[in-house]
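Chains, contacts and geometry: an overview
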Amino acid sequence: MQKTAQLFTTCLVNELYPAVGMGAVRLLERQGWYVEVPPLPLCCGQPAFNAGLLEDSRRVARVTVKALDGFDGPLLVPSGSCGDMLKHHLPHLFPEGSEEAAAAQRISARVRELSQFLVDDLGLGDLGAAVSGTVAYHPSCHLSRGLGVKEQPLALLRAVKGVTLLEFKKQDECCGFGGSFSVTHDALSGSMLMEKMKNLKAVGPDYVVSCDLGCLMHLEGGFRRQGWKTKVRHLAQFLAEGLPA
Amino acid sequence: VSPAPSPVFTDRAAQALADESLAATLRTATGLLEERRAAAAAALDDGAFEALRLRARAAKFSVLGDLAGHLERFEAAAKANGAQVHWAQDAEEARAIIRGILERAAVKKAVKSKSMVTEEIELNHGLEAAGITPIETDLGEYVAQLKGEKPSHIILPIIHLTRQAVAALFRKLGVGGQPLPTDDVSGLVEAARLELRKHFETAEAGITGANFAVADQGALCIVSNEGNARFCCSLPPLHVAVLGIEKLVPDLSSLSDFLRLLARSATGQRLTVYSNLLWPGRDAGDGSGPKESHVVLLDNGRTRLLASQAAEILACIRCGACLNACPVYKAVGGHSYGGTYPGPMGSILSPGLGEREGQDLAGRARRPGPRLRLHALRRLQGRLPGEDRYPAHAALAAQPAHGPARPPQAPGLQGLGDRRLAPAPAERAAQARPCRGQLARPGRLDRSRRPSALRLDPPPPTAPPR
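Residues numbered from 1 in each chain as written. Chains lettered and ligands numbered in written order. Predicted model: local features only at pLDDT ≥ 70, side-chain atom pairs only at ≥ 80, totals over all residues. Heavy atoms only, no water.

**Some words on the environment of A:Ser140**
Residues and elements named next belong to chain A.
- When you line up the elements, Ser140 lands in the loop between β5 (130–138) and α8 (141–146).
- Residues Ser140 and Lys87, spaced 53 residues apart in sequence, show a C-alpha to C-alpha distance of 16 Å.
- A polar contact of 2.6 Å, which involves the side chain of Ser140, links it to the side chain of Asp212. (Helix = DSSP H or I, 4+ residues; strand = E, 2+ residues; numbered from the N terminus. Polar contact = N/O pair within 3.5 Å; in protein donor to acceptor, adjacent residues only side chain to side chain.)

What follows is the structure in structure tokens.
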């Protein structure tokens, strides 16, 4: 029987960057996996959770838990941020010992961020992609410090033929997005973005690659307004685009 | 007279952002501290720094698990040493107690060492109102006092100022007399030293905080890099120490862990220059030391915080590492936060003490001394300004589908085809529920609900920060 995984498409993939979801599916199918996508747009509940609105977050999570429980494949998340929420916080939204907490715990146990799954679980490195250009990798906060995924995306990027990885100053610092923080604290968020862009500009990459679309959306906005040619790419899309047709 | 600062974080942050040199100053200074902390951690054996953090966490949690018992042990030991122990429920009571102690001894001037808890209770204002002159003797605090500012960092009060700004202030006020100090740091230090020495010699009382209180000893530990704290609690005939009730550590052997952790986390030092361990009230037998010693134990919201979800913040040792790591702090500085305690730890502690609303934490801030879950705690602390946006989002996202007319996936994902659309085991029946028009408006939701209880000793985060 074919190995089956469930892909958590995340709000941003679903609403703004479907190519990332398609890219993830393409990568996984090439490795012989059958990919299921839950039929409903699902949110991990993080926007309300981060705002301290736990009850609202619970309402969102309840729907998500119902939709995702009952599968037994790995739940693949193309986002460190949503992944961290599902892995570490979802189970604690519900009363200890409740059925919902148990279901959330089952889901949590299945969660893998995409690059983590490809590298740690499948033992992959070279996926067969080739892209020529310089790449600056942005290690997003919740991916690297929440999920502890630091080396896996770099391993995948290093294996891409034609890619030169660039390091830059304060590489692991926040881009300033922070979800709704970028709306409620726009000036501050923008100032942090400028700092990130200042450090990126010093190395002038062709691509900025990350595993979190929130950061990339924020950076993309900054690049566009400043007339930069640098492209932003989610790792899944970047790798998929580099695959032979 | 400067205008009262805006009560809104975003307004104060906007003002801070308008000061172009501020963020540069902060980034330089905090960057240096971060590098030093990383080097200090790396200088230990592999994993030893993390082990130290976990031991400190466990020791603090054991104290918080029986705070009342530890406090009583501390009180009994301190009294046996000869100190007078006072309990203050809130800031007002603490000010009144300290004022009473000083007035009974006819104190006109008191030298102070750096203490965030005296900032919290606004002790200086209270003393000045009673005709007692407090003199801050930590160099940074001294400058802050001269400027009439609150400290903007919990270990480096004037991290937001350049040495040029300090030199300008000293020249304006004539600190150190002639010749006027240049902006050479050692010249500035010397000027302050000359000024402060006079105060040390004439003050009738010394007021300090405490970094740690050793429960079974009735002892206090105060660390400083300038030696001023030791002066404050040894030279004047009267010593008053004021500390939050969370400052307890169980015993001397755990204190050694905390001293190593605090110095490395705060400044990257292996040990702070002066680690002053004192047993208030104990007679050294040689006529040295204060004749009268008082310890004021302050609650001011801490027992309430202990009973709350955010109890873990009481294990914070105030090293400031989370401020140094926080990109928000670096961009706007400590004065933007509006409470006594700025930055990530302050975003949990200050609202917990009833000082103000919480602010956002960025993920990078998870770097306090004992391994605390600041990021998670922050979310337990309640709502943010601008929160009205979220109920709408929650109402939308909590619906099984965003209204009947909407395709279940964005057009791009339609390319996946039905083949890949797995059935949702539990949710199929509810799929078509309409929700447009039923969207909860802000105000319709009950937002006073409290989150459910949290264990005091949850496992540390699975991904330890490096």
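Back to the write-up after that little detour.
**Things to note about helix α4 (residues 67–81) of chain B**
Residue and element names in this part refer to chain B.
- The terminal C-alpha atoms of α4, which comprises 15 residues, lie 21 Å apart, in line with the 21 Å expected from a rise of 1.5 Å per residue.
- For α4, the complete set of buried residues consists of Leu67, Gly69, His70, Leu71, Phe74, Glu75, Ala77, Ala78 and Asn81.
- Looking one or two residues past α4, Gly82 carries a phi angle of roughly 110°, positive in sign. (Expected span 1.5 Å × (residues − 1). Buried < 20%, exposed > 50% of the residue type's maximum accessible area, 1.4 Å probe, protein only.)

**Side note on the sheet that holds strand β5 (residues 212–214) of chain B**
Residues and elements named next belong to chain B.
- Within the open sheet, the four strands sit side by side as β8-β5-β6-β9. Their pairing is mixed. A strand with exactly one partner marks an edge of an open sheet, and here the two such strands are β8 (248–249) and β9 (274–278).
- Sheet analysis places strand β6 (residues 219–224) next to β9, joined by five bridges and oriented antiparallel. Pairing of Val223 across the sheet is with Ser275, part of β9. (Pairing = 2+ DSSP bridges.)

**Some thoughts on the sheet that holds strand β1 (residues 84–88) of chain B**
All names here are of chain B.
- Across the sheet, six strands lie side by side as β1-β10-β7-β4-β2-β3; this open sheet has parallel pairing. Edge positions in the sheet fall to β1 and β3 (133–136), since each has one partner strand and no second. Averaged over all neighbouring strand pairs, the angle between strand axes comes to 20°, with direction disregarded.
- Alignment of β1 against strand β10 (residues 292–298), held across five bridges, turns out to be parallel. The residue of β10 that forms the bridge with Gln84 is His294.
- In the packing of helix α10 (residues 185–202) onto the sheet, the strands contacted are β2 (109–112) and β3, and the crossing angle to β2 comes to about 120°. (Axes fitted to C-alpha atoms, helices over the stretch in contact; angles between N-to-C directions. Contact = heavy atoms within 4.5 Å.)

**Focus on the packing of aromatic side chains**
- Applying the stated rule across the entire model yields seven aromatic pairs over all chains.
- Each ring, one from A:Phe223 and one from A:Trp228, has its centre 4.7 Å from the other, and the planes form 15°; the classification is stacked. The exposure classification of A:Phe223 matches that of A:Trp228, with both residues buried.
- Between B:Lys60 and the ring centre of B:Phe258, over which it is positioned, the NZ or CZ distance is 5.9 Å.
- The positively charged end of B:Arg318 is found above the aromatic ring belonging to B:Tyr341, 5.4 Å away from the centroid. (Phe/Tyr/Trp six-rings, centres within 6.5 Å; stacked < 30°, edge-to-face > 60°. Lys NZ or Arg CZ within 6 Å of the ring centre and 35° of its normal.)

**A look at the pairing of strand β7 (residues 207–210) of chain A**
- The two faces of β7(A) match: A:Tyr207 and A:Val209 on one face and A:Val208 and A:Ser210 on the other face are all buried.
- With helix α12 (residues 213–225) of chain A bridging β7(A) and its parallel neighbour strand β8 (residues 231–234) of chain A, the resulting β-α-β unit is right-handed. (Right-handed = clockwise from strand over helix to strand, strands pointing away.)

**Things to note about the state of the cysteines**
- The final tally for this structure, using the stated rule, is zero disulfides over all chains.
- With no disulfide of its own, A:Cys215 lies 4.0 Å from the sulfur of A:Cys175, the closest cysteine sulfur. (Disulfide = S-S within 2.5 Å.)

**A look at the pattern of salt bridges**
- Evaluated as defined, the whole model comprises 27 salt bridges over all chains.
- Salt-bridge contacts for A:Asp126 lead to A:Lys161; the nearest nitrogen and oxygen are separated by 3.2 Å. Of the two residues, A:Asp126 is situated in the loop between α7 (114–121) and β5 and A:Lys161 in strand β6 (residues 161–166); the sequence distance between them amounts to 35 residues.
- You can call A:Asp126 partly exposed: its relative accessible area is 44%.
- One network of salt bridges, with partners in common, ties together A:Lys170, A:Glu173, B:Glu34 and B:Lys330. (Salt bridge = Lys/Arg side-chain N within 4 Å of Asp/Glu carboxyl O.)

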